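Here is what each chain is made of, one letter per residue.
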Amino acid sequence: MGGGRGMTDDSPHILSEQAADRGGAGDAGGADESTAGDEAFHAFWADVVADEIEARDPEDPIVIKGGVSPSGVAHVGNVNEVMRGYFVAEVLRERGHEVRQVFTSDDKDPLRKVPRKLANADGEIVGLGDVDAGALGRNLGKPYTAIPDPFGERESYAAHFAALLRADAERLDVPIEMVSNTELYAEGSFDDAVRTVLSDLDGVREVLGKYQDKVDDEYVPFNPVCAECGKVTETVVSVDVETETIEYVCTDMDVGGDTIEGCGHEGTATFRDGKLPWRLEWPAQWQVLGVDFEPFGKDHAEGSWPSGVDLARNVFGIDPPVPMVYEWFTLGGEALSSSAGNVVTVPELLEVLEPEVVRYFFALHPKKARDLDIERIDQLVDRFDRFERAYFGEVDDEELTRFAERAYPFVVGGHQPDSGGTEPRPVDEVREERVRLPYTFAAVLGMVEDPAFREQLARDEGHFEEDTPEWAVEEALKRVEKARTWAERTNNEYDYRLQTDLPDAEFDDDVAAALDDLADFVAEGHDGEAIQGEMYETAREHGIEVADFFAAGYRLFFDETQGPRLGEFLGELEREYVVARLRREA
RNA sequence: GGGCCGGUAGCUCAGUUAGGGAGAGCGUCCGGCUUUUAACCGGACGGUCGGGGGUUCGAAUCCCUCCCGGCCCGCCA
């Protein structure tokens, strides 16, 4: 049955082991798989995962699932779940499979505490003061789907959050199907699973008890929703499988030190008026949705995964999906935390990065703990650019090229979801003519606003050839806005802005005289190179330090003490403007 | 305390499948671009591959052990 390594090894860390323990031990019994065999080496981890999935002969459509709990903010951490599944989905589609990527929203879970921060529909993080916070506080203990949207836009808080996540996925061009847990219960999809669990309470307790100490002979793994107050309750009095009803009392609930008060109501719930606890709900989802593969964070690896596997086999009678644990990444060296303010949302990230760069970040090996550092986002972009060049055979690096050849098409392309996922949306041949301005250079271009000027500077620097197609120039220059935003956000050394108005500054007489001389020189009509040289000349003639003279120039044009290569920069600007500014006239 | 996963240059990372040269980019330093001014070019510096032990002719890679970090082993998800 279990097939593959499943019989003897249920570790979810399939990307750490890769065939390491194959063959060697030769466990008793002929459970030895031959279908999976020793797969060929893969430079892209998603191929390794896809091999595991194919080895189980899944039926199409193959179902890849992710899951998310509605919380205050949908942030890049959630993207892990989206993108990891996406790359595996794409590989399987390329191999001819039909694939569904579904995402369950655990929205029947109760709100346990009021989040400190929320994200609005545009992905902007806001404090509770900006919304109807009372709508949250008054509804502690109720399912997310029963709580009003604090922004007053959607039918519930859960719907608001789900919409955020779906929007983020779309921004990254990943089509996902959102599935509401609440709806699954309401429409009866979980009926069989609940019946299975409640019909075999002893069996469930025996299995679950191996993983959770609190499971005793009284434990009933079902949480009814109180018909009176609407809160998720924990105290089940009796179960009648025949009539499919559960008697309960709405008692107080402990949530990490705090108590959510129950209303004391004694009532009767159906299978659809409540929920399974997470440990059981997860494998129940596998059954209901026919899940073949699920990536999840390291927090699930040692807790709910082993128990989920056991429950799947011995309670629900199904094979668990192929698992994949991914490492968490840090943001600026610190753990992501919306309450601590250390988060970035997808829309925010896309203001400084092209979507393909974000996708690239998640195409890197999932088992490595990585840091996403906005301050040095240029490094990530440089790596992407190199990765892209490697795909086009422009980098002398065998390893990188092998990875790029496999992963790049999925990073920039993918398969058309509209066609059932089998129609390729490949790398357009003309993409080879694309131009990527180095990110920090793009930041330099961001110091000026005029698009024509930006293009001219890039041409002068040799980034565009005579025959560079117009679309390539256009796309390359789009990065300038990203880099500009980055410079402003991080307030870094590229955050200069050509000053429209004359900055307020005083200069020594000799510096002022030198500026006047330079103005005369510029007025005569010289190119940037000549101006650059003249600056040294002028400084020497007036007996002032070159550094001081440049500083004066930076002050006039950028209101800063430093900046880009000034002479060549001025050579590109409108002459009258430069002359007037050097004379401190305008 | 136990288990799992990570630990390669200042930074970001590749290399571990099949043991044999320790690498890339960025940064730094030096030099070039007609005379320091963050864009371009060249070069150099830079690592006990977390430590130690073992197997081997040979170990970043395999084995053992220890250290550090994260996660799990209560609830919840």
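See the structure shown above.
Residues numbered from 1 in each chain as written. Chains lettered and ligands numbered in written order. Predicted model: local features only at pLDDT ≥ 70, side-chain atom pairs only at ≥ 80, totals over all residues. Heavy atoms only, no water.

## Re the overall build of chain A
Point 1. Scanning chain A from terminus to terminus reveals 23 helices and 18 strands.
Point 2. Its C-alpha atoms put chain A at 100 × 60 × 40 Å along the principal axes.
Point 3. The burial tally for chain A puts 53% of its 586 residues in the buried class.
Point 4. Relative to all contacts within chain A whose residues are 6 or more apart in sequence, the contacts with residues 24 or more apart total 69%.
Point 5. Carbon and sulfur atoms make up 42% of the accessible area of chain A, which amounts to about 26600 Å² in all.
Point 6. Computed over 57 positive and 128 negative side-chain charges, the inter-centroid distance for chain A is 2 Å. (Helix = DSSP H or I, 4+ residues; strand = E, 2+ residues; numbered from the N terminus. Buried < 20%, exposed > 50% of the residue type's maximum accessible area, 1.4 Å probe, protein only. Contact = heavy atoms within 4.5 Å. Areas by Shrake-Rupley, 256 points an atom, 1.4 Å probe, with all protein chains shown as cover. Lys, Arg positive; Asp, Glu negative; His and termini not counted. Charge placed at Lys NZ, Arg CZ, Asp CG, Glu CD.)

## A look at the sheet that holds strand 11 (residues 266–270)
Point 1. Strand order in the open sheet formed by three strands is 7-8-11, and the pairing between neighbours is antiparallel. Every interior strand has two partners, whereas the edge strands, strand 7 (235–240) and strand 11, have only one. Recorded for the sheet is a direction-independent mean angle of 25° between the axes of neighbouring strands.
Point 2. Relative to strand 11, strand 8 (residues 245–249) is paired through five bridges, and the arrangement is antiparallel. (Pairing = 2+ DSSP bridges. Axes fitted to C-alpha atoms, helices over the stretch in contact; angles between N-to-C directions.)

## Some words on the protein's contact with RNA strand B
Point 1. What surrounds RNA strand B is a group of 48 residues, the closest being F41, R383, Y536, A547 and Q562.
Point 2. Here RNA strand B approaches the protein such that, of its atoms within 4 Å, sugar and phosphate make up 67%.
Point 3. At a separation of 2.9 Å, a sugar or linking oxygen of RNA strand B approaches a polar side-chain atom of E302.
Point 4. Broken down by secondary-structure element, the contributors of at least two residues to the surface near RNA strand B are helix 9 (278–289), helix 10 (298–301), helix 14 (377–391), helix 20 (528–541) and helix 21 (546–558). (Near = heavy atom within 4 Å. Polar contact = N/O pair within 3.5 Å; in protein donor to acceptor, adjacent residues only side chain to side chain.)

## Quick word on empty space enclosed by the protein
Point 1. Taken as a whole, this structure holds four cavities of 30 Å³ or more when the rule is applied.
Point 2. Computed from the structure, the second largest cavity encloses a volume of approximately 40 Å³.
Point 3. Forming the walls of the second largest cavity are G141, K231, V232, T233, C250, T251, M253, I260, E261 and G262.
Point 4. Class assignment for the residues of the lining of the second largest cavity results in four nonpolar, four polar and two charged. (1 Å grid on protein atoms, 1.4 Å probe; cavity = no way out; pocket = protein on both sides within 12 Å on 5 of 7 lines; lining within 4 Å. Points joined across faces, edges and corners; volume = space filled by probe spheres on them. Nonpolar A, V, L, I, M, F, W, Y, C, P; charged D, E, K, R; others polar.)

## Remarks on the packing of helix 19 (residues 509–524) against helix 21
Point 1. One can describe the packing of helix 19 onto helix 21 by two numbers: an axis separation of 10 Å at closest approach and a directional angle of 70°. Between helix 19 and helix 21, the crossing angle belongs to the class labelled roughly perpendicular. Contacts between helix 19 and helix 21 involve V511, A514, L515 and L518 from the former and F549, A552 and L556 from the latter.
Point 2. Counted by class, the contact of helix 19 with helix 21 contains seven nonpolar, no polar and no charged residues. (Parallel < 35°, antiparallel > 145°, perpendicular 65-115°, else oblique.)

## Thoughts on the packing of helix 3 (residues 76–94) against helix 15 (residues 398–412)
Point 1. Put simply, helix 3 and helix 15 touch, their axes get as near as 10 Å, and they point 105° apart. Classified by the angle between their axes, helix 3 and helix 15 sit roughly perpendicular to one another. Every residue of helix 15 that contacts helix 3 at Y86, F87, E90, V91 and E94 is listed here: R406, F410 and V411.
Point 2. Here the residues of the contact of helix 3 with helix 15 are counted per class, giving five nonpolar, no polar and three charged.

## So, the pairing of strand 1 (residues 62–68)
Point 1. Across the seven residues of strand 1, six count as buried, placing the element largely inside the fold.
Point 2. For strand 1 and strand 2 (residues 99–105), the ladder comprises seven bridges, and the chain directions are parallel. Across the sheet, residue K65 finds its bridge partner in strand 2, namely V102.
Point 3. In this fold, strand 1 hands off to helix 3, which returns the chain to strand 2; that crossover is right-handed. (Right-handed = clockwise from strand over helix to strand, strands pointing away.)

## With respect to the pattern of salt bridges
Point 1. The final tally for this structure, using the stated rule, is 38 salt bridges.
Point 2. For E455, the salt bridge identified is with R459, shortest N-O distance 3.0 Å. Of the two residues, E455 and R459 both sit in helix 17 (residues 451–460), four residues apart, roughly one turn of that helix.
Point 3. Residue R459 is classed as partly exposed on the basis of its relative accessible area, which comes to 30%. (Salt bridge = Lys/Arg side-chain N within 4 Å of Asp/Glu carboxyl O.)

## Topic: helix 11 (residues 304–316)
Point 1. The terminal C-alpha atoms of helix 11, which comprises 13 residues, lie only 15 Å apart, well short of the 18 Å expected from a rise of 1.5 Å per residue.
Point 2. The buried fraction of helix 11 amounts to 10 of the 13 residues, a majority that puts the element mostly inside the structure.
Point 3. Those residues of helix 11 that fall on the buried side of the exposure criterion are S304, W305, S307, G308, V309, D310, L311, A312, V315 and F316.
Point 4. Looking one or two places after helix 11, you find G317, whose phi comes out positive at around 70°. (Expected span 1.5 Å × (residues − 1).)

## Considering the packing of aromatic side chains
Working definition: an aromatic ring pair is given by the centre-to-centre distance plus the angle between the planes.
Point 1. With the rule as written, the count across this model stands at 32 aromatic pairs.
Point 2. Taken together, a centroid distance of 6.1 Å and an interplanar angle of 70° make the contact between W282 and W305 edge-to-face. Pair noted here: W282 is in helix 9 and W305 is in helix 11, with a separation of 23 residues, a long-range link. Note on accessibility: W282 and W305 belong to one class, buried. (Phe/Tyr/Trp six-rings, centres within 6.5 Å; stacked < 30°, edge-to-face > 60°.)

## A short note on the side chain of E388
Point 1. For E388, the location among the structural elements is in helix 14.
Point 2. Exposure remark for E388: the relative accessible area of 1% places this residue in the buried category.
Point 3. Contact partners of E388, with chain neighbours within four places excluded, come to Y408, R434 and R436.

## Thoughts on the side chain of N80
Point 1. Position of N80 among the secondary structure elements: in helix 3.
Point 2. Engagement of the side chain of N80 in a polar contact is seen with the side chain of R84, the distance being 2.9 Å.
Point 3. Excluding residues that lie within four positions of it along the chain, N80 makes contacts with Y326, E327, F329 and F362.

## Topic: the environment of K367
Point 1. For K367, the position within the fold is in the loop between helix 13 (355–361) and strand 16 (371–372).
Point 2. Distance in space between the C-alpha atoms of K367 and G274 is 36 Å, their sequence separation being 93 residues.
Point 3. Every residue in contact with K367, bar those within four places of it in the chain, is listed here: H13, L15, S16, V325 and E327.
Point 4. For K367, the side chain forms a polar contact with the side chain of H13, separated by 2.9 Å.

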